[in-house]
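Close look at the chain arrangement
Here's the letter readout for the chains.
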Amino acid sequence: MDTDQIIPARFLKATTREGFGQNLFRDWRYDNQDRPIAGFVLNNPAYKGKILVAGKNFGCGSSREHAAWAIHDYGFRVVASSFFADIFKNNALNNGLLPVVVTEAFLQTILAGIKANPAAPIEVDLANQTITFNGQSEAFEINPYKKSCLLNGHDDIDYLLAMKADIEQFERQQP
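Let me begin by describing the structure that accompanies this report. Since the structure is predicted, the reported quantities are computational estimates derived from the model, not experimental observations. (Residues numbered from 1 in each chain as written. Predicted model: local features only at pLDDT ≥ 70, side-chain atom pairs only at ≥ 80, totals over all residues. Heavy atoms only, no water.)

With that settled, consider the sheet that holds strand β5 (residues 130-133). In spatial order, the strands read β4-β5-β6; together these three strands make up an open sheet with antiparallel pairing. This sheet does not close on itself; its edge strands, each paired only once, are β4 (122-125) and β6 (136-139). Within this sheet the neighbouring strands show an average axis-to-axis angle of 15°, counted without direction. Sheet topology note: the β5/β6 ladder contains four bridges and is antiparallel. Note on β6: the bridge partner recorded for Thr 130 is Ala 139. (Pairing = 2+ DSSP bridges. Helix = DSSP H or I, 4+ residues; strand = E, 2+ residues; numbered from the N terminus. Axes fitted to C-alpha atoms, helices over the stretch in contact; angles between N-to-C directions.)

Here is the structure:
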């Protein structure tokens, strides 16, 4: 799924991160008269939560950071897929959205399980780097720095500010 489907280019006029969620998957969620398309999964209240389960090659296409903004603004905090485009993955991590890479087999298990029971829980444990569904778990990889930022609610600047005392102590020890 490319970033133009996640957030169409015509909605990229804002300069802040807010408000993009209402246009997430806009062309799939709404018809030409802005009426919800009944068959689209996000228009079905049975499919709700903070974890978006997506197909392979999620976030390909342009490098627009707005795709991560839209997903986060909509309310998702995790996207699970068997493969992410590198730029999307980095944009997600930089904006408080956790991209979890699972095997294709595990992704298909999750998708089939959700189809059978939309309320089936998915648990993502960032600290232990696991995702669990229907009693099955897989480990996932994450950059240790980005993991620390997500666990502590930090962006890059917050991370440095959290180390301010250590940085000042280091500077005092320098000639």
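Moving on: the sheet that holds strand β1 (residues 51-53). In space, the three strands of this open sheet follow the order β1-β2-β3, with parallel pairing throughout. Since the sheet does not close on itself, it has two edges, and those belong to β1 and β3 (98-101), each with one partner. Adjacent strand axes in the sheet meet at a mean angle of 20°, parallel and antiparallel pairs treated alike. Direction of pairing for strand β2 (residues 78-81) relative to β3: parallel, over a ladder of four bridges. In the sheet register, Val 79 faces β3, and the bridge partner there is Pro 99.

The full count for this structure, using the stated rule, is six salt bridges. Of the charged contacts, one joins Lys 164 and Glu 168 as a salt bridge, the two residues approaching to 4.0 Å between their closest N and O atoms. Residue Lys 164 and its partner Glu 168 are both found in helix α8 (residues 164-173); the two are separated by four residues, about one turn of the helix. A relative accessible area of 47% places Lys 164 in the partly exposed class. Overall, the relative accessible area of 33% leaves Glu 168 in the partly exposed class. (Salt bridge = Lys/Arg side-chain N within 4 Å of Asp/Glu carboxyl O. Buried < 20%, exposed > 50% of the residue type's maximum accessible area, 1.4 Å probe, protein only.)

As a further point, take helix α4 (residues 86-94). The periodicity of an α-helix, 3.6 residues per turn, causes residues three or four places apart in sequence to face the same way. Buried residues of α4: Phe 88, Asn 91, Ala 92 and Leu 93, and no others. Looking at the buried side of α4, the elements it contacts are α1 (3-6), α3 (66-74), β3 and α6 (144-152). In the stretch just after α4, Gly 96 is the one whose phi turns positive, near 75°. (Contact = heavy atoms within 4.5 Å.)

Of note, Gln 33 is situated in the loop between α2 (26-29) and β1. Considering only alpha carbons, one finds Gln 33 and Asp 166, 133 residues apart in sequence, at a separation of 57 Å.

Quick look at unusual backbone geometry now. Within the chain, Phe 25 stands out as a residue other than glycine whose phi angle is a positive 55°. Mapped onto the elements of the fold, Phe 25 is located in the loop between α1 and α2.

Our next topic: the environment of Leu 97. Following the sequence through the fold, Leu 97 ends up in the loop between α4 and β3. With relative accessibility at 1%, the residue Leu 97 sits in the buried group. For the pair formed by Leu 97 and Ser 82, sequence separation is 15 residues and the distance between their alpha carbons is 16 Å. In contact with Leu 97, other than residues within four places in its own chain, are Ala 68, Ile 71, His 72, Phe 76, Arg 77, Val 78, Val 79, Phe 88, Ala 92 and Leu 150.

Attention now moves to the nonpolar core. Residues Ile 6, Leu 24, Phe 25, Phe 58, Ile 71, Val 79 and Phe 88 are the most contacted members of the largest nonpolar core, which totals 22 residues. Of all the secondary structure elements, the ones that give two or more residues to this core are α3 and α4. Sorting elements by how many residues they give to this core places α3 first, with five residues. Ignoring any residue separated from it by four or fewer positions in sequence, one finds Leu 24 in contact with Ile 6, Ile 7, Arg 29, Leu 42, Ala 70, Ile 71, Tyr 74 and Phe 76. Ranked by size, the runner-up nonpolar core spans 18 residues in total, among them Val 78, Ala 120, Ile 122 and Phe 133. (Core = buried A, V, L, I, M, F, W, Y, C linked by side-chain atoms within 4.5 Å.)

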